[in-house]
Amino acid sequence: MTTFPMPADEAEARAVQDALRARVVLDEPGPPPGTGRVTGADVAYDDERDLVVAAAVVLDAATPEAVAESTAHGRVTSPYVPGLLAFREIPAVLAALEGLPVDPGLVVCDGHGRARPRGFGLAGHLGVLTGLPVIGVAKNPFTFRHEQPGPRRGDSTPLLDGDEEVGRALRTQSATKPVFVSVGHRTGLDNACAHTLAPARDLRQPETTRRADALCRAALREATG
């Protein structure tokens, strides 16, 4: 069981974030797209009840058919602080991943990796704490700038923090808005984009996070009656 003691305050959370970020591995390419397993992870909230539900859905990367799924829920134990959102979500997501009956392979989370202030989002947290290759695929670029990618599926442009490329704006379908891909741990950015495109069938969102989103929303409805 992966343990993750929650920081007592914002200063401690930033110190924990700095310590974990120093352990991120960026020089591994990651597993080849279309092979093995790939897992989507996402969360849903009920703010009135301070409840968070996480879901993990494992797909066969070649098909991609569902192999296994898991959900977990718990209380939100920390306030929302910009740049520290992962601390609200990590316990439930870790529990969902650890509830899976199979190895998850590469994990795709609905969020950011390096493309966050301080360079360390949910995908980084998950990767360092679990040792798994993890990438983030988000619906918005947060605060970073980018040019619009070309109109075709697979077109991309750098997501920039100053002059540093921290991710990519990636067109998963022609004539749709791009998604924003960044590395969390043990995966290169080219490979992260390829993994995002592989299970993105006819929708903007890749199949991994789309299924995880649907599952956690259903689990939240069940948990709240």
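Before any of the text, the structure's been laid out above.
Bear in mind that the values here come from a model prediction, so they are computed numbers and not experimental data.

Undergrad: Can you help me understand the nonpolar core in this one?
TA: Among the nonpolar cores identified, the biggest contains 28 residues, and I90, V93, L97, C109, L126 and V134 are the most heavily contacted of them. Looking at which element gives the most residues to this core, the answer is helix α2 (residues 86-98), with seven residues. V53, I135, L170 and L220 belong to the second largest nonpolar core, which has 25 residues in total.

Undergrad: Where do I start with the state of the cysteines in this structure?
TA: Joining two cysteines, a disulfide is a covalent bond between their sulfur atoms. Applying the stated criterion to the full structure yields zero disulfides. With no disulfide of its own, C109 has C216 as its nearest cysteine by sulfur position, at a separation of 12 Å. Assessed through its relative accessible area of 0%, C109 is described here as buried. The thiol of C193 is not disulfide-bonded; the next cysteine sulfur, from C109, is found 14 Å away. You can call C193 buried: its relative accessible area is 7%.

Undergrad: How should I be thinking about the pattern of salt bridges in this particular structure?
TA: Oppositely charged side chains can pair when the atoms bearing their charge come close. A full pass over the atoms with the stated rule returns twelve salt bridges. The partner of R210 in a salt bridge is E207, with the nearest N and O atoms 2.8 Å apart. Residue R210 and its partner E207 are both found in helix α5 (residues 207-223); the two are separated by three residues, about one turn of the helix. Exposure remark for R210: the relative accessible area of 28% places this residue in the partly exposed category. Here the salt bridges share partners, and the residues they tie into one network are D18, R21 and R118.

Undergrad: I would appreciate a short explanation of the packing of α2 against helix α3 (residues 122-130) in the present structure.
TA: A packed helix pair is summarised by two numbers, namely the angle formed by the two axes and the spacing between the axes. Interaxial distance between α2 and α3 falls to 10 Å at its minimum, and their mutual angle equals 45°. Accordingly, the angle class assigned to the pair α2 and α3 is oblique. With respect to the hand of their crossing, α2 and α3 are arranged in right-handed fashion. For the pair formed by α2 and α3, the contact residues are A86, F87, E89, I90, V93, L94 and L97 on the first element and L122, H125, L126, L129 and T130 on the second. Partitioning the contact of α2 with α3 into residue classes produces nine nonpolar, two polar and one charged.

Reading the values: the criteria
Residues numbered from 1 in each chain as written. Predicted model: local features only at pLDDT ≥ 70, side-chain atom pairs only at ≥ 80, totals over all residues. Heavy atoms only, no water. Core = buried A, V, L, I, M, F, W, Y, C linked by side-chain atoms within 4.5 Å. Buried < 20%, exposed > 50% of the residue type's maximum accessible area, 1.4 Å probe, protein only. Helix = DSSP H or I, 4+ residues; strand = E, 2+ residues; numbered from the N terminus. Disulfide = S-S within 2.5 Å. Salt bridge = Lys/Arg side-chain N within 4 Å of Asp/Glu carboxyl O. Axes fitted to C-alpha atoms, helices over the stretch in contact; angles between N-to-C directions. Parallel < 35°, antiparallel > 145°, perpendicular 65-115°, else oblique. Left-handed = near helix turned anticlockwise from the far one by under 90°. Contact = heavy atoms within 4.5 Å. Nonpolar A, V, L, I, M, F, W, Y, C, P; charged D, E, K, R; others polar.

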